[in-house]
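Chain by chain, the residues:
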Amino acid sequence: MATNVSLQKVVKRYGEHEVIRGIDLEIDPGEFAVFVGPSGCGKSTLLRMIAGLELISGGSLFLDGERMNEVPAARRGIAMVFQSYALYPHMTVYKNLAFGLETAGMKKSEIARRVEHAAEILQISQLLNRRPKALSGGQRQRVAIGRAIVREPKIFLFDEPLSNLDAELRVQMRVEISKLHQNLGNTMIYVTHDQVEAMTMADKIVVLNSGRIEQVGAPLDLYNKPVNKFVAGFIGSPKMNFIEGELARSNDGMTSVHLNGQTISLPRPIGAAKAGDRVTFGARPEHITVGEHGTTIGDTRVDLVEHLGGQTILYASMKGGQSLTVALDGQQPVRAGETLTVSIDPQRCHLFGPDGNAL
Amino acid sequence: MGNQRTAIAGEPVVRISTLAPRQKFPGALARNAPAYLFLLPWFIGFFGLTLGPALVSLFLSFTDYNLLQPPHLVGLDNYARIATGDDKFISSMKVTLFYVICSVPLKLVFALAVALLLNRGIKGLPVYRAIFYLPSLLGSSVAIAVLWRQLFDSDGVVNTILWQFGIEGPSWISNPNYSLYTLIVLAIWQFGSPMIIFLAGLRQIPIDMYEAASLDGASKTRIFFKITLPLLTPVIFFNAVVQTIDAFKAFTPAYVISSGTGGPIDSTLFYTLYLYQEGFGYFRMGYAAALAWILVIIIAVFTAFSFLSARYWVHYDE
């Protein structure tokens, strides 16, 4: 049973301070939406407003077309997985899973069926008689998810659920949550500050910054066509390189940019911008190559090399001290201190105007 | 002589002490001398004022000693007399047990109720906290016990108020049916200390737990009994043990309100008051010491029982 979530001009204020500033958003039934953004951007607050744990100061929240602003959390058909897991330490795993169902006055046989079914899905059947303190971080996370599953909610909300897990377990749980979404088909809203989680799990990413939506879209849309410098810098790892430049000219669908002492041509029109405007040139580290393969952007001195096995990351400096990150495929025999000529593929570059918006 | 600094390439600088006393004393003692120096006040306090007198009282409990003549050993006579022929031991123990059983649970319930009220994010919390804690600071003092007399005397404030409603109150303090209850009320009034600890305990419960329960549709009552109370059991346990030990040792209120007699008709004769009468009224120091050690044993047994029972009802998170 999948549910549509609609936010219209939603605002959250604490006194005079506005932390959510007029959010308009549609999440389709069955969609896996990820709210992503830096700390303090309001993503958790927005999730908690949808859950009913925070009052909505302005605007409207609709679930399947029904206004929910004044509906108590328990009656919204929502289940939430907390960052801290929020397991009751004095109850067994079974009791933790059953708590919500017992509260609802469900029959014991039905409670047992649902708990056992959820435990089976999450492979925690053998843990049902244990207390949370006897579980590992990953097992606790599964129980927390199980507590949401047993309620058979319309919408699952996840508030940074993998933050307390180690790197290996995060990857594993990431996959499991995605599989769970595939199997259950419910609408899920997931909050994270980790753009890798967002890219790998989401049908739709909502990038938030200072209480506003910067961009909404499919992961690859955000990666390929970021609408502004913030989204371009936030999505993608390592982060996109930004080089300050000046617009030289633009005609016949071609644009020339003065960059670091040389002029490069990009095959794109740039709308209203005109020659002499300050622009920011953006190139993702994985789209920069060593050698003169495309458009050369100059020589760089390698300051540091990270060998990741599958990738070699170079942290380099261009003339004038401009830093540049380059991600090369495979294991490259590059050493710190070397000077390399680097090139870009003009098709995969980005230009941002003085206001930070993409040109 | 002084400190010498040595450094090995790539290693942090190590400070090696070459203090002069190292030549005179064994190594470990000399090395730790400054630490022992800092601990000295505690050693003096513990050995001179706690352990020393405790051991002396243990010795005296096997003697007959009236302060004027040297103690002489009587073996287990004092303990045998307490166990077999001392009616006042029995009656004072009954009074004390009744006081403990009534005052401790009521005080804890009251303290928890106030802590729950104060935990609701009200403005000016520190002020309320200080006001509610005040009786605990003053509660054991003679001044408060005197005030209690004024409140509960036959023509005291309580009866004056009752009289306004046409009720003629009894003489609470001089009536053996009521006198002990006034002391129990006084004990409950001193709820500040456990209240502060409850408040700290309540603030330790993660808000996520409450939010998870509210998403599950749990009512406030269900949340209190199923979440708050179980998560508060370590604090309840601590408060219960400390308050019970304190209640067993209660002395000042009974002494002041009954003018040291434990009356009327021994109704406020706390165990400690009886012990005091034996020691400082009749100068039977050996007998009083034996009474004191029996109280120690009773408190120890109670505490041990509490810790044994804790494994069945106290929930520790980690």
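Residues numbered from 1 in each chain as written. Chains lettered and ligands numbered in written order. Predicted model: local features only at pLDDT ≥ 70, side-chain atom pairs only at ≥ 80, totals over all residues. Heavy atoms only, no water.

**Quick word on the overall build of chain A**
Here comes step 1: Counting secondary structure elements, chain A contains eight helices and 20 strands.
Here comes step 2: Taken along its principal axes, the extent of the C-alpha atoms in chain A is 75 × 45 × 35 Å.
Here comes step 3: Looking at chain A as a whole, 53% of its 359 residues are labelled buried.
Here comes step 4: Within chain A, contacts between residues at least 6 apart in sequence are counted, and of these 65% link residues at least 24 apart.
Here comes step 5: Of the side chains in chain A, 39 bear a positive and 38 a negative charge, and the two mean positions are spaced by 7 Å. (Helix = DSSP H or I, 4+ residues; strand = E, 2+ residues; numbered from the N terminus. Buried < 20%, exposed > 50% of the residue type's maximum accessible area, 1.4 Å probe, protein only. Contact = heavy atoms within 4.5 Å. Lys, Arg positive; Asp, Glu negative; His and termini not counted. Charge placed at Lys NZ, Arg CZ, Asp CG, Glu CD.)

**As for the interface of chain B and chain A**
Here comes step 1: Counting from both sides, the interface comprises 19 residues of chain B and, opposite them, 24 residues of chain A.
Here comes step 2: Of all residues in chain B, the largest losses of buried area upon contact with chain A belong to Leu215(B), Asp216(B) and Arg222(B), amounting jointly to 35% of the total for that side.
Here comes step 3: Joining chain B to chain A, the criterion identifies three salt bridges.
Here comes step 4: Linking Arg48(A) and Glu211(B) is a salt bridge whose minimum nitrogen-to-oxygen distance equals 2.5 Å.
Here comes step 5: On inspection of chain B and its partner chain A, the count reaches seven residue pairs in polar contact (both at pLDDT 80 or more).
Here comes step 6: Broken down by secondary-structure element, the contributors of at least two residues to the side of chain B that touches chain A are helix H10 (207-215) and helix H11 (220-231) of chain B.
Here comes step 7: The biggest single contributor to the side of chain B that touches chain A is H10(B), with seven residues.
Here comes step 8: Of the residues in the side of chain B that touches chain A, the class split is nine nonpolar, three polar and seven charged. (Buried area = accessible area lost by both parts, 1.4 Å probe. Salt bridge = Lys/Arg side-chain N within 4 Å of Asp/Glu carboxyl O. Polar contact = N/O pair within 3.5 Å; in protein donor to acceptor, adjacent residues only side chain to side chain. Nonpolar A, V, L, I, M, F, W, Y, C, P; charged D, E, K, R; others polar.)

**Some words on the environment of Met199(A)**
Here comes step 1: Along the chain, the position of Met199(A) falls in helix H6 (residues 195-201).
Here comes step 2: Along the backbone, Met199(A) and Glu176(A) are 23 residues apart, and their C-alpha atoms lie at a distance of 15 Å.

**Looking at the packing of helix H2 (residues 93-103) of chain A against helix H3 (residues 108-122) of chain A**
Residues and elements named next belong to chain A.
Here comes step 1: Put simply, H2 and H3 touch, their axes get as near as 10 Å, and they point 130 degrees apart. In this view, H2 runs oblique relative to H3, as classed from their interaxial angle. Considering the relative orientation of H2 and H3, their crossing is right-handed. In this structure, H2 contributes Tyr 94, Leu 97, Ala 98, Leu 101 and Glu 102 to the contact, and H3 contributes Ile 111, Ala 112, Arg 114 and Val 115.
Here comes step 2: When its residues are assigned to classes, the contact of H2 with H3 shows seven nonpolar, no polar and two charged. (Axes fitted to C-alpha atoms, helices over the stretch in contact; angles between N-to-C directions. Parallel < 35°, antiparallel > 145°, perpendicular 65-115°, else oblique. Left-handed = near helix turned anticlockwise from the far one by under 90°.)

**Brief notes about the confidence of the model for chain A**
Detailed conclusions should not be drawn from predicted coordinates in areas where pLDDT is low.
Here comes step 1: The predicted model of chain A has a mean per-residue pLDDT of 91, with 100% of residues at 70 or higher.
Here comes step 2: Taken element by element, chain A is modelled with least confidence in strand E13 (residues 262-266) of chain A, mean pLDDT 83, and with most confidence in strand E3 (residues 32-36) of chain A, mean pLDDT 96. (pLDDT = per-residue confidence, 0-100.)

**Some thoughts on the layout of surface pockets**
Residue and element names in this part refer to chain B.
Here comes step 1: Volume-wise, the largest pocket comes out at about 710 Å³.
Here comes step 2: Lining the largest pocket we find 16 residues, and of these Asn 119, Arg 120, Tyr 210, Lys 220 and Ile 223 sit closest to its centre.
Here comes step 3: Only helix H4 (87-118), helix H9 (192-204), H10 and H11 provide two or more residues apiece to the lining of the largest pocket.
Here comes step 4: Broken down by class, the residue content of the lining of the largest pocket amounts to nine nonpolar, three polar and four charged. (1 Å grid on protein atoms, 1.4 Å probe; cavity = no way out; pocket = protein on both sides within 12 Å on 5 of 7 lines; lining within 4 Å. Points joined across faces, edges and corners; volume = space filled by probe spheres on them.)

**A closer look at the packing of aromatic side chains**
Here comes step 1: Taken as a whole and judged by the stated rule, the model has 23 aromatic pairs over all chains.
Here comes step 2: Considering the side-chain rings of Phe98(B) and Tyr181(B), the 5.8 Å spacing of their centres and the 85 degrees angle between planes classify their relative orientation as edge-to-face. Of this pair, Phe98(B) sits in helix H4 while Tyr181(B) sits in helix H8 (residues 179-189); the two residues are 83 residues apart in sequence, bridging distant segments of the chain.
Here comes step 3: Measuring from ring centre to ring centre gives 5.0 Å for Phe224(B) and Phe225(B), while their planes differ by 80 degrees; the resulting arrangement is edge-to-face.
Here comes step 4: Since its relative accessible area comes to 51%, Phe225(B) is described here as exposed.
Here comes step 5: Joined through ring pairs, the aromatic side chains of Phe32(A), Phe156(A), Phe158(A) and Tyr190(A) make up one cluster.
Here comes step 6: A cation over an aromatic ring shows up here: Arg147(A) above the ring of Tyr88(A), its NZ or CZ 4.9 Å from the ring centre.
Here comes step 7: Over the aromatic face of Phe242(A) sits the side chain of Lys229(A), whose NZ or CZ is 5.4 Å from the ring centroid. (Phe/Tyr/Trp six-rings, centres within 6.5 Å; stacked < 30°, edge-to-face > 60°. Lys NZ or Arg CZ within 6 Å of the ring centre and 35° of its normal.)

**Considerations on the sheet that holds strand E17 (residues 311-318) of chain A**
All names here are of chain A.
Here comes step 1: Here five strands make up an open sheet; going across it, the order is E15-E19-E16-E17-E18 and the pairing antiparallel. Looking at the sheet topology across the chains shown, the edges are occupied by strand E15 (288-290) and strand E18 (323-329). On average, adjacent strands in this sheet sit at an angle of 45 degrees to one another, irrespective of strand direction.
Here comes step 2: In this sheet, E18 lies alongside E17 in antiparallel orientation, the contact comprising seven bridges. The residue bridging Ile 313 from the neighbouring strand is Ala 327, located in E18. (Pairing = 2+ DSSP bridges.)

**Let's talk about the domain arrangement of chain A**
Residues and elements named next belong to chain A.
Here comes step 1: Here chain A is described as being made up of domain 1 (5-229) and domain 2 (241-352).
Here comes step 2: Spacing between the C-alpha centres of domain 1 and domain 2 amounts to 39 Å.
Here comes step 3: Of the residues lining the interface, six residues belong to domain 1; the matching set on domain 2 comes to eight residues.
Here comes step 4: Together, the buried faces of domain 1 and domain 2 total about 580 Å²; carbon and sulfur atoms form 58% of this surface.
Here comes step 5: Taken as a group, Tyr 223, Pro 226 and Lys 229 account for 88% of the area that domain 1 buries against domain 2, more than any other trio of residues on that side.
Here comes step 6: Across the domain 1-domain 2 interface, the total number found is one salt bridge.
Here comes step 7: In this structure, Glu 244 engages Lys 229 in a salt bridge whose closest nitrogen and oxygen atoms are separated by 3.9 Å.
Here comes step 8: Counting every contact that joins domain 1 to domain 2 gives two residue pairs in polar contact (both at pLDDT 80 or more). (Domains from an automatic or database assignment.)

**Quick word on empty space enclosed by the protein**
Here comes step 1: By the definition in use, this model includes one cavity of 30 Å³ or more.
Here comes step 2: Volume-wise, the largest cavity comes out at about 80 Å³.
Here comes step 3: Lining the largest cavity, in full, are Ala79(A), Met80(A), Phe82(A), Ala144(A), Arg147(A), Ala148(A), Arg151(A), Ala212(B), Leu215(B) and Asp216(B).
Here comes step 4: Going through the elements one at a time, strand E6 (78-81) and helix H4 (137-150) of chain A together with H10 of chain B are the ones with two or more residues in the lining of the largest cavity.
Here comes step 5: Here the element with the most residues in the lining of the largest cavity is H4(A); it accounts for three residues.
Here comes step 6: When grouped by side-chain class, the residues that make up the lining of the largest cavity number seven nonpolar, no polar and three charged.

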